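Residue-level structure breakdown
Residue strings, one per chain:
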Amino acid sequence: MPRDPDPPPAKRFKPGSPFSRLDKKKPGMLLPRAGHAPVNVDAQRKQLPIYQSRTQLINQIRQLHSAVFIGETGSGKTTQIPQYLYEAGIGRQGIIGITQPRRVAAISLAARVAEEKKVQLGKLVGYTVRFEDVTSSETKLKFMTDGMLLREAIGDPLLLRYTVVILDEAHERTVHTDVLFGVVKAAQRKRIEQNKIPLKEAPASHDILVFMTGQEEIEALARTCRDISKHLPESCGPMTVVPLYASLPPAQQLRVFQPAPKGSRKVVLSTNIAETSITISGIKYVIDTGMVKAKRYNPDSGLEVLAVQRVSKAQAWQRSGRAGREDAGSCYRLYTEEEFDNLANMTVPEIQRCNLASVILQLLALGVPDVLNFDFMSKPSPESLRTAVEQLCILGAVDRKDDHVSLTPLGKKMACFPLEPRFSKTLLISPDFSCAEEVLTIISLLSVDSVLYNPPARRDDVLAVRRKFISSEGDHMTLLNIYRAFKKVSGNKDWCRENFVNSRNMGLVLEVRAQLRDICIKMNMKLESSLSDLTNVRRCLAHGLFMNAAELQPDGSYVALDTHQPVAIHPSSVLFQAKPACVVFNELLHTSRCYMRDLCLVDAEWLQEAAPEYFRRKLRATKS
DNA sequence: GAGCACTGC
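These remarks concern the structure in this document. Here the structure is a predicted model, which means the values were calculated and not measured.

Here's the deal with the overall build of chain A
- Counting its regular elements, chain A contains 24 helices and 20 strands.
- Relative to its full complement of 624 residues, chain A shows a buried share of 49%.
- As presented, chain A carries roughly 30900 Å² of accessible surface, and 53% of it is formed by carbon and sulfur atoms.

Encoded structure:
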């Protein structure tokens with residue numbers, strides 16, 4: 001694999017980058033800042049709580065093939081253990097890999113450890129994340145995202161390049177970490193069986209803040225609070241109310257960090273964004289409503305539901321922990337002790353509440369023989385596994401004989417793309433419709449957060465400028481028009497601002513597109529453009545997304561062809577006021593109703609030609 | 001006539 005021996009210095013410690021926040025969150029990770037006097041790194045390392053246990057820790061690890069480390073935040077687990085292992089000569093024959101659920105963490109940790117070891121980043125200490133590989137043949141301590149190691153495992157299921165794998169932040173229970181546990185366990189077992197060097201594995205890990213469920217609720221309470229604050233007795237002092245939720249424009253989000261005017265009390269009304277992502281200093285009291293809006297997954301219908309539900313105990317503790325970070329604080333829970341006792345201990349791991357199609361495809365690609373009985377840390381329900389295999393079967397990615405599931409040649413190719421299976425499939429068949437370039441663009445656009453910026457305050461302006469991009473053929477074609485216009489002005493920032501296009505996300509689209517295009521080229525796919533006639537593009541989408549199709553009923557409502565459940569066009573769609581006879585859609589979201597999001601107009605005939613057998617069965621199911 | 005929050009390949 002080609003490596004860049006001299007990593008670009010960009011992306012390191014940019015002013016205002018997340019790193020300045022990270023060092024507050026993780027006291028164990030002391031990051032260099034420009035303008036500071038040089039600090040004695042060695043002395044700092046020795047002050048970390050973990051230093052006292054160093055010898056004992058190393059001796060124990062020598063005896064063990066697997067170990068679990070538990071330590072306080074800031075104890076130095078993540079930065080020190082890999083160095084201790086290396087310094088003690090454990091795992092020196094190969095690479096010590098340390099996984100992180102997030103890119104920034106992998107990058108900043110590598111930078112910190114390189115600094116502690118006084119080496120240039122990318123030599124002895126490096127990192128690998130999507131779009132960036134700052135490692136070389138010299139790299140022995142490699143920080144990486146867990147998703148990246150999972151990708152590597154497809155080519156190297158026994159992880160033979162590694163002598164030690166450390167799965168950090170394992171308590172977060174992301175799908176990638178959960179799957180990695182199974183993969184690493186299997187690699188460990190096989191390496192012992194084959195007399196290879198066994199892997200060593202080790203998971204580490206006077207203002208008011210009110211937690212509420214959503215934007216609407218927050219804005220309503222903000223109005224009430226502002227009314228109340230006008231009529232407070234004089235002894236009370238004034239109150240500054242600040243709402244906080246993700247879709248709030250960044251400038252308004254920053255208001256939570258501004259101290260309230262002197263003598264005034266700041267009251268922050270927030271969604272769970274303040275639970276983990278944003279830390280506000282000076283919070284003395286937390287008020288926890290005990291509720292959260294979260295996604296749930298119904299394996300029978302394959303449908304995600306966004307619903308208000310009770311928090312888990314772990315979440316309640318996390319919320320209370322947001323008070324008094326500098327000083328003693330208190331948390332008021334708006335529920336009884338009995339209710340608290342009845343809360344689930346932990347939030348259900350993500351792997352038990354998401355669609356598993358891509359996880360199963362990936363496991364098959366890395367050669368796991370019996371995916372249905374894979375050693376998951378927390379087993380997903382059999383229905384959820386069955387639904388995933390069924391979906392892959394319908395897409396032609398797997399064959400199923402009795403209880404044995406195997407990858408088809410198409411499935412093998414699909415696994416090469418970092419995409420949901422239905423998108424990989426759409427991309428792989430696009431050369432048959434001579435429109436691979438357009439499909440690459442559309443899938444890249446769907447792979448990142450929305451490139452459309454919709455500030456509620458400027459709703460009318462947004463509608464007016466967006467009109468020129470709107471396609472009567474649906475949201476995919478509208479997005480394609482926006483992308484083409486963006487390319488025409490070479491991504492001009494002023495153009496983006498005038499047209500309410502999020503230029504950062506558009507930049508990500510370009511990166512994703514380049515990555516996917518590289519994979520297509522390696523597979524010798526014919527990359528053609530369909531230029532002005534987009535019928536082929538829609539036909540290709542119909543062939544790839546036929547499982548997500550819906551049809552207009554005589555009464556003007558819609559029914560999903562897969563489950564026969566009633567669905568509706570989401571008001572954000574350009575087809576909201578149209579009545580297309582037949583559409584494919586990206587996703588279903590159950591809130592007040594069951595909404596289809598991102599729609600594309602298709603011919604019913606295209607769906608039939610895409611999957612005749614599937615629709616014959618669906619038809620029979622309707623009749624019976 | 002509507003948008004919990006993140007993360008990742």
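Don't stop here, the text continues.
A closer look at the packing of aromatic side chains
- By the definition in use, this model includes eight aromatic pairs.
- On the basis of an interplanar angle of 70° and a centroid distance of 5.4 Å, the ring pair of F546 and Y614 is categorised as edge-to-face. Residue F546 is located in the loop between α22 (535–544) and β16 (549–552), and its partner Y614 is located in helix α24 (residues 612–623); the two are separated by 68 residues in the primary sequence.
- For Y614, a relative accessible area of 3% translates into the label buried.
- Grouping aromatic residues by their ring pairs yields a cluster made of F469, F486 and W495.
- If you follow R333 out to its NZ or CZ, it ends over the ring of W317, 4.5 Å from the centre.
- Seen from the ring of F423, R422 lies directly overhead, with NZ or CZ sitting 4.7 Å from the centre.

Overview of the packing of helix α4 (residues 77–87) against helix α5 (residues 103–116)
- Two elements in contact, α4 and α5, have axes whose closest approach is 10 Å; the angle formed by their N-to-C orientations is 50°. As summarised for this structure, α4 and α5 are arranged oblique, according to the angle between their axes. Crossing geometry of α4 relative to α5 is assigned as right-handed. Between α4 and α5, the residues in contact are T78, T79, Q80 and Q83 and L109, R112, V113 and E116, respectively.
- Split by residue class, the contact of α4 with α5 holds two nonpolar, four polar and two charged.

Points about the pattern of salt bridges
- Going through the model one piece at a time under the given rule, you end up with 26 salt bridges.
- When the shortest N-O distance is used, the salt bridge between E339 and R310 registers 3.1 Å. Residue E339 is located in helix α12 (residues 337–341), and its partner R310 is located in strand β12 (residues 303–310); the two are separated by 29 residues in the primary sequence.
- For E473, the salt bridge is made with R538, and the minimal N-O distance between the two is 3.4 Å. Separated by 65 residues along the polypeptide, E473 in the loop between α18 (459–466) and α19 (475–488) and R538 in helix α22 bring together distant segments of the chain.
- Classification of E473 by relative accessible area gives partly exposed; the value is 23%.

Details of the side chain of K266
- Here K266 lies in strand β9 (residues 265–270).
- Notably, K266 is buried but unbridged: the nearest opposite-charge side chain belongs to D207, and the N-O separation is 4.2 Å.
- Within the structure, the side chain of K266 is placed 3.1 Å from the backbone oxygen of Q258, a separation counted as a polar contact.
- Apart from the residues within four sequence positions on either side, K266 is in contact with D207, I208, T240, V242, V256, F257, Q258, P259, A260 and I280.

Things to note about the packing of helix α16 (residues 421–429) against α22
- Two elements in contact, α16 and α22, have axes whose closest approach is 8 Å; the angle formed by their N-to-C orientations is 135°. The angle between the axes of α16 and α22 places the two elements in the oblique class. Both α16 and α22 take part in a crossing whose hand is right-handed. Across from R422, K425, T426 and I429 in α16, the residues of α22 making contact are C540, L541, H543 and G544.
- Among the residues forming the contact of α16 with α22, the class breakdown is three nonpolar, three polar and two charged.

Re the protein's contact with DNA strand B
- Around DNA strand B, the surrounding shell holds 29 residues, and the nearest of these are R103, R130, A246, K293 and T591.
- Restricting attention to atoms of DNA strand B within 4 Å of the protein, one finds that 69% of them are sugar or phosphate atoms.
- Here a base oxygen of DNA strand B and a side-chain polar atom of N272 are 3.4 Å apart.
- One nitrogen or oxygen atom from the side chain of T591 is found 2.5 Å from a phosphate oxygen belonging to DNA strand B.
- Of all elements in the fold, only α6 (146–155) and β11 (291–298) reach the threshold of two or more residues within the surface near DNA strand B.

Section: the nonpolar core
- Ranked by size, the top nonpolar core spans 95 residues in total, and within it V179, I360, L363, F417, L427, M506 and L607 carry the most contacts.
- Once residues lying within four places of it in the same chain are set aside, the contact partners of M506 are L445, V451, I482, Y483, F486 and V501.
- Core analysis: the next-biggest nonpolar cluster, separate from the first, contains 31 residues, I90, A106, L141 and V164 among them.

Overview of the pairing of β16
- Strand direction decides the pairing type here: β16 and strand β19 (residues 582–590), joined by three bridges, are antiparallel. Bridging from a neighbouring strand, E551 pairs with C582 of β19.
- Summarising the sheet, β16 and strand β17 (residues 558–560) pair through three bridges and their orientation is antiparallel. Note that in β17 the partner of E551 across the bridge is V559.
- In this antiparallel pair of consecutive strands, β16 and β17, the connection spans five residues, and G556 shows a positive phi of 90°.

Scoring rules and cut-offs
Residues numbered from 1 in each chain as written. Chains lettered and ligands numbered in written order. Predicted model: local features only at pLDDT ≥ 70, side-chain atom pairs only at ≥ 80, totals over all residues. Heavy atoms only, no water. Helix = DSSP H or I, 4+ residues; strand = E, 2+ residues; numbered from the N terminus. Buried < 20%, exposed > 50% of the residue type's maximum accessible area, 1.4 Å probe, protein only. Areas by Shrake-Rupley, 256 points an atom, 1.4 Å probe, with all protein chains shown as cover. Phe/Tyr/Trp six-rings, centres within 6.5 Å; stacked < 30°, edge-to-face > 60°. Lys NZ or Arg CZ within 6 Å of the ring centre and 35° of its normal. Axes fitted to C-alpha atoms, helices over the stretch in contact; angles between N-to-C directions. Parallel < 35°, antiparallel > 145°, perpendicular 65-115°, else oblique. Left-handed = near helix turned anticlockwise from the far one by under 90°. Contact = heavy atoms within 4.5 Å. Nonpolar A, V, L, I, M, F, W, Y, C, P; charged D, E, K, R; others polar. Salt bridge = Lys/Arg side-chain N within 4 Å of Asp/Glu carboxyl O. Lys, Arg positive; Asp, Glu negative; His and termini not counted. Polar contact = N/O pair within 3.5 Å; in protein donor to acceptor, adjacent residues only side chain to side chain. Near = heavy atom within 4 Å. Core = buried A, V, L, I, M, F, W, Y, C linked by side-chain atoms within 4.5 Å. Pairing = 2+ DSSP bridges.

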